[in-house]
Amino acid sequence: MSEQNHENLFQQKVDNEIKIEPKDWMPEKYRKQLIRQISQHAHSEIVGMLPEGNWITRAPNLRRKVALLAKVQDEAGHGVYLYSACETLGIDRTELLDQLHTGKAKYSNIFNYPTLTWADIGAVGWLVDGAAIMNQVMLQRTSYGPYSRAMVRICKEESFHNRQGFEIMTVLARGTPDQKQMAQDALNRWWWPSLMMFGPSDENSPNTAELIKWKVKRETNDEVRQRFIDRTIPQGEIIGLTFPDPDLKWNPARNHYDFGKINWEEFYNVVKGNGPCNRERLQARVKANEDGKWVREAAAAFAAKKAN
Ligand code: 3HC
């Protein structure tokens, strides 16, 4: 069958909502796009463990510690699901991790910011996981089977992450004036980087058009970002916090919130590696990989011995 016929059949399957599975014919570019997006997603999950892991030993009580421990463990599991989904596309996990450890691979901008106070853990759960859920619920319907099924499982766990974060923010916002100020300060620092998580605006997104055609993405960056804003503003207002955006205003004509300009220079600067914590995050991942080398070697030796 000619390449063109393969392509036509492939697009028909996508258009008819038939999931593309690892053994199916797919355009090389589709495979490359999926490896790019799923690997970045997986890297984001395991790098995302670092800012929160930093507070496990300093959680204010046992209940908070247990919830944070569970969340950080979940993120590791999300990384494993996503590396596994990526490996079905014919790339090896060690190659993906090499790309991360050598600074070649991207991961979400958001994890290059520091978690300065306990309220940041609330803001991360509420805003970062809230943004991730908005994006990941959409990705449950992605055309690539293994990615879509990984998303279904991940979204269930993300909802707990988001709720525990919002509960932390609620308790602080209704606590002492100092606690409320800590929550407000965290919102001020995490709001705009959370909006950047959805990627550049549509006109500056080189991948979106192709990903929408292949139903990898079902909506554009701006559409998902807007839905996140519309859902999150009322939550912040209910607990008495104000958003660091003087242009934020409900627009009845649009039935959406209008919001201010995103600082894209900051976004691209962080993505390029010049964020507050990029170096520290990469060093931590490289060290974790080196420290875990003996475990991998022991497991491989045990498996080889068992196989003989
Ligand atoms: N951080 C870093 N880089 C980003 C980015 C971000 N937030 N958003 C976009 N970029 C990069 C893209 O990777 C692309 O670069 P590349 O072509 O070299 O890979 C470039 O900026 C242009 O952006 P596009 O909009 O064209 O890229 P995409 O079409 O891939 O859209 C995306 C970006 C919406 C983030 C999409 O990749 C996506 O949906 N990814 C899957 C979800 C994901 O990765 N989420 C990360 C957070 S996971 C998380 O938060 C864990 C949770 O448990 C806390």
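Given the structure is predicted, the values throughout are model-derived calculations rather than measurements. (Residues numbered from 1 in each chain as written. Predicted model: local features only at pLDDT ≥ 70, side-chain atom pairs only at ≥ 80, totals over all residues. Heavy atoms only, no water.)

Undergrad: An account of the overall build of the protein chain is requested, with residue identities and associated values reported.
TA: The helix and strand tally for the protein chain stands at 13 helices and two strands. For a compact globule of 308 residues, the expected C-alpha radius of gyration is about 19 Å, and the protein chain comes in at 21 Å, within 12% of that figure. Seen through its C-alpha atoms, the protein chain measures out along the principal axes to roughly 65 × 55 × 35 Å. Evaluated residue by residue, the protein chain yields a buried proportion of 49% over its 308 residues. Taking as baseline every contact in the protein chain between residues at least 6 positions apart, the subset at least 24 positions apart corresponds to 76%. When the accessible surface of the protein chain is split by element, carbon and sulfur atoms take 56% of a total near 15300 Å². (Helix = DSSP H or I, 4+ residues; strand = E, 2+ residues; numbered from the N terminus. Rg over C-alpha atoms; globule rule 2.2 N^0.38 Å. Buried < 20%, exposed > 50% of the residue type's maximum accessible area, 1.4 Å probe, protein only. Contact = heavy atoms within 4.5 Å. Areas by Shrake-Rupley, 256 points an atom, 1.4 Å probe, with all protein chains shown as cover.)

Undergrad: Give me the lowdown on the packing of aromatic side chains, citing residues and values where you can.
TA: Aromatic ring pairs are defined here through the distance separating the ring centres and the angle between the ring planes. All chains considered together, the criterion is met by 14 aromatic pairs. Geometrically, the ring pair formed by tryptophan 126 and phenylalanine 243 is tilted, given 6.1 Å between the ring centres and 55° between the ring planes. Of the two residues, tryptophan 126 is situated in helix H6 (residues 118-139) and phenylalanine 243 in the loop between helix H10 (221-238) and strand S1 (249-251); the sequence distance between them amounts to 117 residues. You can call phenylalanine 243 buried: its relative accessible area is 11%. Positioned over the ring face of tryptophan 55 is arginine 58, at 4.1 Å from the centre of the ring. (Phe/Tyr/Trp six-rings, centres within 6.5 Å; stacked < 30°, edge-to-face > 60°. Lys NZ or Arg CZ within 6 Å of the ring centre and 35° of its normal.)

Undergrad: Describe the side chain of arginine 225, listing the residues and the values that go with them.
TA: With respect to the element layout, arginine 225 can be found in helix H10. Classification of arginine 225 by relative accessible area gives buried; the value is 1%. At 3.5 Å, the side chain of arginine 225 forms a polar contact with the backbone oxygen of proline 200. Not counting residues up to four positions away in its chain, the partners in contact with arginine 225 are Leu195, Met196, Phe198, Gly199, Pro200, Ser201, Phe259, Ile262 and Trp264. (Polar contact = N/O pair within 3.5 Å; in protein donor to acceptor, adjacent residues only side chain to side chain.)

Undergrad: Tell me about the site of the ligand, and name the residues and values.
TA: In the neighbourhood of the ligand, 32 residues make up the surrounding shell, with Glu75, Lys106, Glu158, Lys217 and Asn221 lying closest. Note that an oxygen atom of the ligand is positioned 2.7 Å from one of the side-chain N or O atoms of lysine 106. Protein burial of the ligand: of its 1000 Å² of free accessible surface, 90% is covered by the chains. Within the residue set of the shell around the ligand, elements represented by two or more residues are helix H2 (28-47), H6, helix H7 (145-173) and helix H11 (264-274). Among the residues forming the shell around the ligand, the class breakdown is 14 nonpolar, 11 polar and seven charged. (Near = heavy atom within 4 Å. Nonpolar A, V, L, I, M, F, W, Y, C, P; charged D, E, K, R; others polar.)

Undergrad: So what about the layout of surface pockets? Which residues, and what values?
TA: By volume, the largest pocket is sized at about 1000 Å³. Counting residues per element, the ones that place at least two in the lining of the largest pocket are H2, helix H4 (62-87), H6, H7, H10 and H11. Sorting elements by how many residues they give to the lining of the largest pocket places H6 first, with nine residues. Here the residues of the lining of the largest pocket sort into 19 nonpolar, 14 polar and 10 charged. Size it by volume and the second largest pocket reaches roughly 420 Å³. Considering the residues around the second largest pocket, the lining is formed by 13 residues, among which Leu97, His101, Arg285, Asn289 and Arg296 are closest to the centre. (1 Å grid on protein atoms, 1.4 Å probe; cavity = no way out; pocket = protein on both sides within 12 Å on 5 of 7 lines; lining within 4 Å. Points joined across faces, edges and corners; volume = space filled by probe spheres on them.)

Undergrad: Before we move on, can you summarise the packing of H4 against H7 with the specific residues and values?
TA: At a minimum axis distance of 10 Å, the contact between H4 and H7 shows a crossing angle of 160°. Accordingly, the angle class assigned to the pair H4 and H7 is roughly antiparallel. Judged by the twist between their axes, the crossing of H4 over H7 is left-handed. Here the residues of the contact of H4 with H7 sort into 13 nonpolar, three polar and nine charged. (Axes fitted to C-alpha atoms, helices over the stretch in contact; angles between N-to-C directions. Parallel < 35°, antiparallel > 145°, perpendicular 65-115°, else oblique. Left-handed = near helix turned anticlockwise from the far one by under 90°.)

Undergrad: Describe H11, naming the residues involved and giving the relevant values.
TA: Within H11 the residues assigned to the buried category are Trp264, Phe267 and Val270. Projected down its long axis, H11 shows its buried positions confined to an angular sector of 125°, all on one face. Structural note: H11 exposes Glu265 and Lys272 on the side pointing more than 90 degrees away from its buried face. Looking at the packing, one finds that the buried side of H11 touches helix H8 (177-196), H10 and helix H12 (278-291). For H11, the N-terminal capping position is held by asparagine 263, with its side-chain oxygen 3.1 Å away from the main-chain nitrogen of glutamate 265. (Arc of directions from axis to C-beta.)

Undergrad: Which residues make up the side chain of glutamate 219, and what values go with them?
TA: Here glutamate 219 is to be found in the loop between helix H9 (208-213) and H10. A distance of 2.7 Å separates a polar atom in the side chain of glutamate 219 from a polar atom in the side chain of arginine 227.

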